[in-house]
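Close look at the chain arrangement
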Amino acid sequence: MTGTVEGDGVNLVVGAGQIGAALAARLRWRGEPVVTTSRTGRGGDLTVDLAAPPERWQLPERITVAYLCAGITSQETCRTDPDFAWGINVRATSLLVERLVGAGAFVVYPSTNLVFDGTIAHRPAGDPPNPLTTYGRTKAAAEATLARFPDSTAIVRLTKVVAPAAGLLASWASRLRCATPVEAFSDLVFSPIPLATAIDAILLAGDRRLIGITQVSGSRDISYAAAARWIAGALNAPADLVRAVTTRDAGFEHVPLHTTLDDTRLREAWDRWAPDPEAVLRLALPG
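In this structure, L12, L50, L68, L96, V97, L100 and V107 are the most contacted members of the largest nonpolar core, which totals 30 residues. Secondary-structure elements contributing two or more residues to this core are β1 (10-14), β4 (63-68), α3 (82-102), β5 (106-112) and α4 (134-147). When residues of this core are assigned to their parent elements, the largest contribution, seven residues, is made by α3.

One open sheet holds the seven strands; their spatial order is β3-β2-β1-β4-β5-β6-β11, and the pairing between them is parallel. Bordering the open sheet on either side are β3 (46-47) and β11 (212-216), each of which pairs with just one other strand. Strand direction decides the pairing type here: strand β2 (residues 34-38) and β3, joined by two bridges, are parallel. Opposite S38, over in β3, you have T47 as the bridge partner.

Burial of β1 is extensive: five of the five residues sit out of reach of the surface. Residues V10, L12 and V14 line one face of β1 and the alternating positions N11 and V13 line the opposite face, and both faces are buried. You can see the chain leave β1, run along helix α1 (residues 18-29) and come back into β2, and the turn it takes is right-handed.

What follows deals with empty space enclosed by the protein. Here the structure, examined in full by the defined rule, presents one cavity of 30 Å³ or more. Its volume calculated, the largest cavity comes out at about 60 Å³. What lines the largest cavity is simply N113, L114, F116, D117, G118, I120, R123, P256, H258, T259, T260 and L261. Taken together, the residues of the lining of the largest cavity sort by class into five nonpolar, five polar and two charged.

The N-to-C vectors of α3 and α4 enclose an angle of 15°; their axes lie 9 Å apart at closest approach. The angle between α3 and α4 places the two elements in the roughly parallel class. Crossing of α3 over α4 shows right-handed handedness. Two secondary-structure elements touch here, α3 through P82, A85, W86, N89, V90, T93, S94 and V97 and α4 through T134, Y135, R137, T138, A141, A142, T145 and L146. Taken together, the residues of the contact of α3 with α4 break down into nine nonpolar, six polar and one charged.

Before going further, it helps to examine the pattern of salt bridges. By the definition in use, this model includes 12 salt bridges. For D263, the salt bridge goes to R267, with nearest N and O atoms at 2.9 Å. Residue classification places D263 among the buried positions, given a relative accessible area of 8%. A relative accessible area of 29% means that R267 is categorised as partly exposed.

Taken as a whole, the protein chain shows an average pLDDT of 94; of its residues, 98% reach a score of 70 or greater. In the model, residues 1-7 has pLDDT below 50 throughout and makes 18 contacts with residues more than four positions away in sequence or in other chains.

Turning to helix α7 (residues 224-234), a few remarks are in order. Listing the buried residues of α7 in full gives Y224, A225, A227, A228, I231 and A232. Seen from one end, α7 has its buried residues packed into an arc of 160°, which puts them on one side. Tucked into the core, α7 has its buried residues touching α5 (167-177), β8 (182-185), β9 (189-190), β12 (222-223), β13 (242-245) and α9 (277-281). Note on α7: the residue one or two positions beyond its end, N236, has a positive phi of about 60°.

Thresholds applied
Residues numbered from 1 in each chain as written. Predicted model: local features only at pLDDT ≥ 70, side-chain atom pairs only at ≥ 80, totals over all residues. Heavy atoms only, no water. Core = buried A, V, L, I, M, F, W, Y, C linked by side-chain atoms within 4.5 Å. Buried < 20%, exposed > 50% of the residue type's maximum accessible area, 1.4 Å probe, protein only. Helix = DSSP H or I, 4+ residues; strand = E, 2+ residues; numbered from the N terminus. Pairing = 2+ DSSP bridges. Right-handed = clockwise from strand over helix to strand, strands pointing away. 1 Å grid on protein atoms, 1.4 Å probe; cavity = no way out; pocket = protein on both sides within 12 Å on 5 of 7 lines; lining within 4 Å. Points joined across faces, edges and corners; volume = space filled by probe spheres on them. Nonpolar A, V, L, I, M, F, W, Y, C, P; charged D, E, K, R; others polar. Axes fitted to C-alpha atoms, helices over the stretch in contact; angles between N-to-C directions. Parallel < 35°, antiparallel > 145°, perpendicular 65-115°, else oblique. Left-handed = near helix turned anticlockwise from the far one by under 90°. Contact = heavy atoms within 4.5 Å. Salt bridge = Lys/Arg side-chain N within 4 Å of Asp/Glu carboxyl O. pLDDT = per-residue confidence, 0-100. Arc of directions from axis to C-beta.

See below:
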């Protein structure tokens, strides 16, 4: 079944998760025609379930830019069910890319720093991917499909995306505000970027047809324990409410030493510097 959209081509946002929903909202705010999809059809204009046969996917007739934000993003799900993750993140995504490019769309694909092993900081975009997690391997394989269409695709690699008052950091802030202890990894780092920055970069890739790879990163890494302690300090909560633990028994496939990416290309295209972790952590604070 195929949906029909009248007039000129539309922006297509595949996926109704955090990034997909924010991207669609920004496009609507800009007054641009946008069609959204979701896995079930609820919360989207059309249905695209990457676990379903491709003939069931609903797509507009004319698409100018397609933003592919659907997929399995849970590292735990990818680790415990790699066949399912590969089927969604690689096989189905690759088929969708081929179909969209064949229909004349420019395709923008949000990816991740986990296509690298994290052994060096500020990893250049041109380095060959060497993922050490199942999730990272699926994203690297999907990137390889987009590379087959170099004139019609853009890859936007993101480090950890933080939305205002949402997710783990906001949960910590709520608990610390109530003097409730939290546990945070002292040996696991991240390089946070605001959700708004991620959306800006993804739209920039679509607007300017930034073919190839663009990377979006925070300025440096911070451990989760250090982040939790910073949040506690910002809330005037006792520092001893933060209990530092290690990843030794947490079941991680791989613990990277670094997560930062070289964002030179983005800074050249867009006059904005990588944010410091503390500036992004403020998004987790109440009010």
